[in-house]
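Breakdown of the fold
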Amino acid sequence: QVQLVESGGGLVQAGGSLRLSCTPSGRTFSRYAMGWFRQCPGQEREFVAAISWSAMTTYYADSVKGRFTISRDNAKNTVYLQMDRLKTEDTALYYCAAQFGVASRDPRQYNYWGPGTQVTVAS
């Protein structure tokens, strides 16, 4: 097992921005596909964005496309989720995930998860 730790969540006004970071410990994730997911109480985990190990391929949920940007800095062993023009609907607990395979929208394909960081968007 490896650990992923998210950071950067918080309270922000609608229309504002946040940048989430995900940093693993114990192992480099430079060759892992990475993803961001979010979940609200009583709701299923929702795909947000994913990025291949090379960063040449990215995927976004339709609900965030054009507003969120996933990126990674393999030298720093960190993946980011830049969230712009935030909406109240973006309020959720955001999880970072990693897998040995290709970038995927399916949370079942991810092997490692962080504990989550809360993002709250106020109107």
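Residues numbered from 1 in each chain as written. Predicted model: local features only at pLDDT ≥ 70, side-chain atom pairs only at ≥ 80, totals over all residues. Heavy atoms only, no water.

**Here we look at the sheet that holds strand S7 (residues 68-73)**
- With antiparallel pairing, four strands are arranged side by side in an open sheet as S1-S3-S8-S7. Edge positions in the sheet fall to strand S1 (3-7) and S7, since each has one partner strand and no second. Taken pair by pair, the neighbouring strands of this sheet meet at an average axis angle of 20°, ignoring direction.
- Relative to strand S3 (residues 18-25), S1 runs antiparallel, the two sharing five bridges. Its bridge partner being in S3, Leu4 is matched across the sheet by Pro24. (Pairing = 2+ DSSP bridges. Helix = DSSP H or I, 4+ residues; strand = E, 2+ residues; numbered from the N terminus. Axes fitted to C-alpha atoms, helices over the stretch in contact; angles between N-to-C directions.)

**Looking at the environment of Trp36**
- Secondary-structure assignment places Trp36 in strand S4 (residues 33-39).
- Looking at Trp36, the relative accessible area reads 0%, which means it is buried.
- Put simply, Trp36 and Glu46 are 10 residues apart on the chain and 8.9 Å apart in space, counted from C-alpha to C-alpha.
- Of note is the side chain of Trp36, whose polar atom sits 3.5 Å from the backbone oxygen of Tyr80. (Buried < 20%, exposed > 50% of the residue type's maximum accessible area, 1.4 Å probe, protein only. Polar contact = N/O pair within 3.5 Å; in protein donor to acceptor, adjacent residues only side chain to side chain.)

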